[in-house]
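Chain residues, written in single-letter form:
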Amino acid sequence: MKKNNIGNTDIPAEGVGQDLFHIETYIDGLSTFIKKCATPMTISIQGDWGSGKTSMMNMIKEKISDTVHPIWFNTWQFSQFDMGNSLVFSMMEVMLDMLGCEPKMITKVMSGLVGFARKTVKVVADTTIGGAAADIAEEMMTPENSTNYAREILELKDKFQQAVDEKIKKENKNRVVVFVDDLDRLQPEKAVELLEVLKLFLECNDCVFVIAVDYDVVTRGIRQKYGLDVSEEKGKSFFDKIIQLPFKVPVAQYDIKNYVLNSLQNMDISVSDSDIDLFVHLIQNSIGLNPRSMKRLFNTYQLLDIITKSSVKGLNETERHKILFSIICMQMGHEKLYQYFASNPIDSELLEQLGNCETTDDCIKEILADEQTAEDNSKYYNKLKRFVMYFYKSLQNDNDDKISEKELANLQSVLKCSSVVSINDAEENDKEQEMENRKKNRLLADRIRHELADLGEFTPWLPRTTRTGVKISDISCKQFFVAKNGFNFSLEYYLSRKNSNVDVHLSLICQTKHSEALFFNTLGNNPLALEFLPTINSNNTIFYSNVITVTDDDAVKRVSELYRKAYAEIQKFL
């Protein structure tokens, strides 16, 4: 009986039939090159962890096995143990065994290696890029020793060449191709040593090495072995000397749409073509195109799909899938933004500012507290801005560029299920209460602005994050003025709710840089002529704290009267 297993394992593609990214052009090209290239040849398959190096090598191996004898050596199987130089010997023993060598010949070759390679590995490594050869080099480079070592190296290469020749003749193949996988999972220094040994002992006719490695790992290994003063140019020269053909995994050319479609079909989820395009954009601008990261994303998506399917009510499947997918992309690719959404009350105004290209910058900067946005043109920041636009699109049911109460409720219900942060009931209740207070204060401020409409335009402001002295429900409304002597300033009323009561504050803020002294001298120590003196902020603010406390019933009338008196005093300075 067939098992309907769910989830994605980290097992790489085993052959071209599992090429979900449609990179057959690159597979065919490399396969043809490997079968026809001059030998000896060493090719590197370069890419980050999880980028698909092993999958590419598996597919190449399948393509070329008709005319070559493939040997596969996975260093990951040996890297779990501190094997020292024995890792090198293990690799060579595995290759000799897979070449079909007689046990006696393997024993002879390995005994020869053990006899001197423990010394030569370090010497050859040190001299490859001109490093110091240490005391052992002096011993080996004496006339009586150097000839012996050179002769033994040649003899070992001859034995390996003999094994290659016999194998391809016996199997009627034209060459041996050795795949060395997961080299970049070794300690960088060990990875470099392994490359050096390949160059020293195993570079033979009719032999091609295909090595999965991250160039940065090799660079770090060179510095570990030879010190930080090894120049970048020398490091590149070392790599070029070992590798004749560097090939980068074509991640940018991956057919992500096909991968997403296949993954959703395996989950029995039907999504429109336009929504698949949306999913692709969300992936590209969050976790990127690394296959391992995408597998983790779809595993998370599949789990939360099961959870939200039963726990989120009143939301159709299409809407739920889009919102859930965008939230998981945010969770995995933009963690700080996700933590903000999971920890703070979210309203339609915030979402619309994020989705408006004219206000996105300021909104993101406030949410991230400028931590990741010092350089507005940074690669990460531009990626985040693009993600935010597609995230906003995922919330839309009617494409009217507005967030309705229903769309906001949909986001909040799915977001609640997705959170990986443990929030106890009290904290969750506090957050919901703050959200309710925010709505009440916003409505109250709008009514006051309407009452004061004859005085001119007001600019409202609500905080995006809770911080010392500021709650997420607080709101202020300000007007801007120009004094006779040229500086700009604002007058604002500030509402801060405590249960059913609202504290009202007033403040005057200098808006012109380097004019603070003139601002304070012009307005004096009590410009609004209230019964108590304000707090003077040395930067740019005159702040009247807790001028009055009102209730929702009398708030509009009392705050309007208070502001009109303050406005009349300001006219004296204008």
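Residues numbered from 1 in each chain as written. Predicted model: local features only at pLDDT ≥ 70, side-chain atom pairs only at ≥ 80, totals over all residues. Heavy atoms only, no water.

Draft legend 1. View of the overall build of the protein chain. Along the protein chain, the regular secondary structure elements total 22 helices and 11 strands. Looking at the 574 residues of the protein chain, the share that counts as buried comes to 48%. For the protein chain, contacts bridging at least 24 residues in sequence account for 70% of all contacts bridging at least 6. As presented, the protein chain carries roughly 28,400 Å² of accessible surface, and 49% of it is formed by carbon and sulfur atoms. (Helix = DSSP H or I, 4+ residues; strand = E, 2+ residues; numbered from the N terminus. Buried < 20%, exposed > 50% of the residue type's maximum accessible area, 1.4 Å probe, protein only. Contact = heavy atoms within 4.5 Å. Areas by Shrake-Rupley, 256 points an atom, 1.4 Å probe, with all protein chains shown as cover.)

Draft legend 2. Highlighting the nonpolar core. Membership of the largest hydrophobic core comes to 78 residues, with the highest contact counts inside it found for I283, F298, Y301, F341 and L351. For this core, the element with the highest residue contribution is helix 14 (residues 317–333), accounting for seven residues. Sequence-distant contacts of L351, defined by excluding residues within four places in its chain, comprise F341, I346, F391, Y392, L395, I403, L408 and L411. Counting 39 residues, the second largest nonpolar core, distinct from the first, contains A445, C477, V556 and Y563. (Core = buried A, V, L, I, M, F, W, Y, C linked by side-chain atoms within 4.5 Å.)

Draft legend 3. Representation of the packing of helix 11 (residues 256–266) against helix 13 (residues 291–311). Contact geometry for helix 11 and helix 13: axes closest at 11 Å, N-to-C directions at 30°. Comparing their axes, helix 13 and helix 11 come out roughly parallel. Where helix 11 crosses over helix 13, the handedness of that crossing is right-handed. From helix 11, I256, Y259, V260, S263 and L264 reach across to helix 13, where they touch P291, M294, K295, F298 and Y301. Class assignment of the residues belonging to the contact of helix 11 with helix 13 gives a composition of eight nonpolar, one polar and one charged. (Axes fitted to C-alpha atoms, helices over the stretch in contact; angles between N-to-C directions. Parallel < 35°, antiparallel > 145°, perpendicular 65-115°, else oblique. Left-handed = near helix turned anticlockwise from the far one by under 90°. Nonpolar A, V, L, I, M, F, W, Y, C, P; charged D, E, K, R; others polar.)

Draft legend 4. Local environment of the pattern of salt bridges. Within this structure, the stated rule accounts for 17 salt bridges. Ionic pairing is found between R320 and D305, a salt bridge with its closest N-O pair at 2.8 Å. Highlighted residues: R320 in helix 14 and D305 in helix 13, separated in sequence by 15 residues. Accessibility expressed as a relative area gives 10% for D305, which makes it buried. Put simply, R320 and E317 hold a salt bridge, and the shortest N to O gap is 2.7 Å. Here the residue R320 and the residue E317 both occupy positions in helix 14, the gap between them amounting to three residues, near one helical turn. (Salt bridge = Lys/Arg side-chain N within 4 Å of Asp/Glu carboxyl O.)

Draft legend 5. Focus on the environment of F458. Checked against the element boundaries, F458 lands in the loop between helix 20 (425–451) and strand 6 (459–461). Residues in contact with F458, not counting those within four places in the same chain, are R449, L452, C477, K478, Q479, Y493 and Y563.

Draft legend 6. Structural detail: the sheet that holds strand 4 (residues 207–212). The strand order 2-3-4-1-5 describes an open sheet built from five strands, whose pairing is parallel. Two strands close off the open sheet at either side, each with one partner strand: strand 2 (68–74) and strand 5 (245–248). Across the sheet, the axes of successive neighbouring strands diverge by a mean angle of 20°, strand direction being ignored. As judged from the seven bridges shared by strand 2 and strand 3 (residues 175–181), these two strands associate in the parallel manner. Its bridge partner lying in strand 3, I71 is registered against V178. Together, strand 1 (41–46), strand 2, strand 3, strand 4 and strand 5 form the strand contacts of helix 2 (residues 53–64), whose direction differs from that of strand 3 by roughly 165°. (Pairing = 2+ DSSP bridges.)

Draft legend 7. How the structure looks around the sheet that holds strand 11 (residues 541–551). Spatial strand order, 6-7-8-9-11-10: six strands in an open sheet with antiparallel pairing. In the strand order of this sheet, the two ends are held by strand 6 and strand 10 (535–537), each with one partner. The sheet shows a mean angle of 25° between the axes of neighbouring strands, direction not considered. The pairing of strand 8 (residues 488–498) with strand 9 (residues 501–510) spans 10 bridges and is antiparallel.

Draft legend 8. Main features of helix 2. Between the first and last C-alpha of helix 2 there are 17 Å, a value that for 12 residues agrees with the 16 Å anticipated at 1.5 Å per step. Most of helix 2 is tucked away: nine of the 12 residues are buried. Within helix 2 the residues assigned to the buried category are K53, T54, S55, M56, M57, N58, M59, I60 and I64. Structurally, helix 2 contributes buried residues whose contacts are with helix 1 (24–36), strand 1, strand 2, strand 3, strand 4 and strand 5. (Expected span 1.5 Å × (residues − 1).)

Draft legend 9. Here's a closer look at unusual backbone geometry. At the junction of T39 and P40, the peptide bond is cis and its omega measures out at 0° in the coordinates. Position of P40 among the secondary structure elements: in the loop between helix 1 and strand 1. Positive phi, close to 60°, is recorded for D268, a residue that is not glycine. Classification of D268 by relative accessible area gives exposed; the value is 74%.

Draft legend 10. Spotlight on the pairing of strand 4. Within strand 4, six of the six residues are buried, which leaves the element mostly enclosed by the surrounding structure. Burial along strand 4 is two-sided: C207, F209 and I211 facing one way and V208, V210 and A212 facing the other are all buried. Bridge analysis of strand 1 against strand 4 gives five bridges, and the strand direction is parallel. Bridge pairing links I43 to V210 in strand 4.

Draft legend 11. Summary view of helix 17 (residues 360–368). Taken together, the buried positions of helix 17 are T360, C363, I364, I367 and L368. Here the buried residues of helix 17 occupy an arc of 120° about the axis, which is enough to place them on one side. In the core, the buried residues of helix 17 are packed alongside helix 15 (335–343), helix 16 (348–355) and helix 18 (379–394). (Arc of directions from axis to C-beta.)

Draft legend 12. Focus on the side chain of S473. In this fold, S473 is placed in the loop between strand 6 and strand 7 (475–482). Looking at S473, the relative accessible area reads 0%, which means it is buried. The contacts of S473, once residues within four sequence positions are left out, are E434, N437, R438 and N441.

Draft legend 13. Examining the packing of aromatic side chains more closely. Counted under the stated rule, the structure contains 21 aromatic pairs. Relative to F341, the ring of Y340 has its centre 6.2 Å away and its plane inclined at 80°; by these criteria the two rings are edge-to-face. Taken individually, Y340 and F341 each receive the classification buried, so the pair is uniform in this respect. Among the aromatic side chains, those forming a connected cluster through ring pairs are F21, Y254, Y259, F279, F298, Y301 and F325. (Phe/Tyr/Trp six-rings, centres within 6.5 Å; stacked < 30°, edge-to-face > 60°.)

Draft legend 14. Structural view of the confidence of the model for the protein chain. For the protein chain, the mean per-residue pLDDT works out to 79, and 80% of the residues sit at or above 70. Mean pLDDT in the protein chain bottoms out at helix 6 (residues 134–140), which sits at 39, and peaks at helix 1, which reaches 93. Confidence drops under pLDDT 50 across residues 120–147; counting only partners more than four residues distant or on other chains, this segment forms 37 contacts. Taken as a whole, residues 420–426 scores under 50 in pLDDT and shows seven contacts with residues more than four places along the chain or in a different chain. (pLDDT = per-residue confidence, 0-100.)

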